[in-house]
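# Survey of secondary and tertiary structure
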Amino acid sequence: MPTTEEPLRLLLLAGSARSGALSARLRDAARHAADAAGASTSVLDLRALALPLYDADFEVAQGVPAGVRSLRDAIVAHDALLIVTPEYNGFPTPLVINAFDWLSRLQAEGKLPSGLATTAGKPAGLLASSPGPLGGLRAMNFLRQYLQMAFAMLVVPQQYALGRANEAFDDTGALKDPKAAQAVAGAVGALLRVAAALRAA
Ligand SMILES: Cc1cc2nc3c(=O)[nH]c(=O)nc-3n(C[C@H](O)[C@H](O)[C@H](O)COP(=O)(O)O)c2cc1C
């Protein structure tokens, strides 16, 4: 366990892995805010986990794919999780849902916790992005429900959906609108405060 002197460890995930993904750009802006707040940050590329679409026959024949253990281990190694989701038809992307559905299938292995034990009580923060005006708000709220109800995560109330995300970033990747930057920093800050309180508890 880290001492109280060690920086909080924040894992950041984006719900799209395509090149130029707006959610990845917002993830990077959130990472910048977390770094500025003194956190130790890491990014996990969900595509790199190489998870097939969940299929019970696959699971029986081949077991849980290795990428699921990588996701479990990454969550274990961090104090908090920040997910930036795009919105597909009002819902989070399959990249996110499939990864967490797989995670829920991972059983405890020796001293290594099950997927669900890994997420239980772990603080999570949510951001969303979309070229549309609502910024993926509907998807973000479904993701909140999914993570709270099925994974027992402590999803902090502060969240932010970045609308018109295709116009929101300057050439350096920073958010052009100071209010948007403040909202992202606010959501990140709230998440880090909860993680700090849990570490101290
Ligand atoms: C299958 C599909 C469904 C979509 N549905 C929505 C939607 O419900 N709301 C929305 O704001 N944008 C929607 N979009 C547009 C995405 O917000 C847009 O493609 C966005 O750039 C994807 O996120 P990314 O840039 O992080 O890859 C949809 C896109 C796809 C491919």
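Heads up: these notes are all about the structure in this document. Everything quoted here is computed from the prediction, not taken from an experiment. (Residues numbered from 1 in each chain as written. Predicted model: local features only at pLDDT ≥ 70, side-chain atom pairs only at ≥ 80, totals over all residues. Heavy atoms only, no water.)

## As for the pairing of strand 1 (residues 9-14)
Within strand 1, 5 of the 6 residues are buried, which leaves the element mostly enclosed by the surrounding structure. For strand 1 and strand 2 (residues 40-44), the ladder comprises 5 bridges, and the chain directions are parallel. Within strand 2, the residue paired with Leu10 across the bridge is Thr41. The parallel pair strand 1 and strand 2, bridged by helix 1 (residues 22-36), forms a crossover whose chirality is right-handed. Across 5 bridges, strand 1 lies against strand 3 (residues 80-85) in parallel orientation. Bridge assignment links Leu10 to a residue of strand 3, and that residue is Ala80. (Buried < 20%, exposed > 50% of the residue type's maximum accessible area, 1.4 Å probe, protein only. Helix = DSSP H or I, 4+ residues; strand = E, 2+ residues; numbered from the N terminus. Pairing = 2+ DSSP bridges. Right-handed = clockwise from strand over helix to strand, strands pointing away.)

## Description of the nonpolar core
With 31 residues, the main nonpolar core has Leu13, Leu81, Ile83, Phe100 and Leu147 as its most contacted residues. Contributions of two or more residues to this core are made by strand 1, helix 3 (66-76), strand 3, helix 4 (94-104), strand 4 (123-129), helix 6 (137-149) and strand 5 (154-162). Among the elements that take part in this core, helix 4 stands out by supplying 6 residues, more than any other. (Core = buried A, V, L, I, M, F, W, Y, C linked by side-chain atoms within 4.5 Å.)

## Brief notes about the site of the ligand
In the neighbourhood of the ligand, 13 residues make up the surrounding shell, with Ser16, Arg18, Ser23, Glu87 and Ser130 lying closest. Within the backbone of Gly90, a nitrogen or oxygen atom sits 2.9 Å from an oxygen atom of the ligand. Note that an oxygen atom of the ligand is positioned 3.2 Å from one of the side-chain N or O atoms of Arg138. For the ligand, whose accessible area on its own is 620 Å², the fraction buried by protein is 68%. (Near = heavy atom within 4 Å. Polar contact = N/O pair within 3.5 Å; in protein donor to acceptor, adjacent residues only side chain to side chain. Areas by Shrake-Rupley, 256 points an atom, 1.4 Å probe, with all protein chains shown as cover.)

## Describing the packing of aromatic side chains
Applying the stated criterion across every chain yields a total of 5 aromatic pairs. Considering the side-chain rings of Tyr54 and Trp102, the 4.8 Å spacing of their centres and the 70° angle between planes classify their relative orientation as edge-to-face. You can see Tyr54 sitting in the loop between strand 2 and helix 2 (56-62) and its partner Trp102 sitting in helix 4, a full 48 residues away along the chain. The exposure class of Tyr54 is partly exposed, given its relative accessible area of 28%. Looking at Trp102, the relative accessible area reads 0%, which means it is buried. Relative to Trp102, the ring of Phe58 has its centre 5.8 Å away and its plane inclined at 70°; by these criteria the two rings are edge-to-face. (Phe/Tyr/Trp six-rings, centres within 6.5 Å; stacked < 30°, edge-to-face > 60°.)

## Remarks on helix 1
Its 15 residues place the ends of helix 1 21 Å apart at the C-alpha level, agreeing with the 21 Å of an ideal helix rising 1.5 Å per residue. Taken together, the buried positions of helix 1 are Leu22, Ser23, Ala24, Leu26, Arg27, Ala29, Ala30, Ala33 and Ala34. Of the surrounding elements, those touching the buried residues of helix 1 are strand 1, strand 2, strand 3, strand 4, strand 5 and helix 7 (178-200). Downstream of helix 1 by one or two residues, Gly38 has phi in the positive range, about 95°. (Expected span 1.5 Å × (residues − 1). Contact = heavy atoms within 4.5 Å.)

## A closer look at unusual backbone geometry
Across residues other than glycine, the phi torsion is negative in most instances, and most of the peptide bonds are trans. Positive phi is not limited to glycine here, since Asn89 has a value of about 50°. With respect to the helices and strands, the residue Asn89 is situated in the loop between strand 3 and helix 4. Not every positive phi belongs to a glycine, and Ala152 is a case in point at roughly 55°. As for its position among the elements, Ala152 is in the loop between helix 6 and strand 5. What makes Ala152 partly exposed here is its relative accessible area of 40%.

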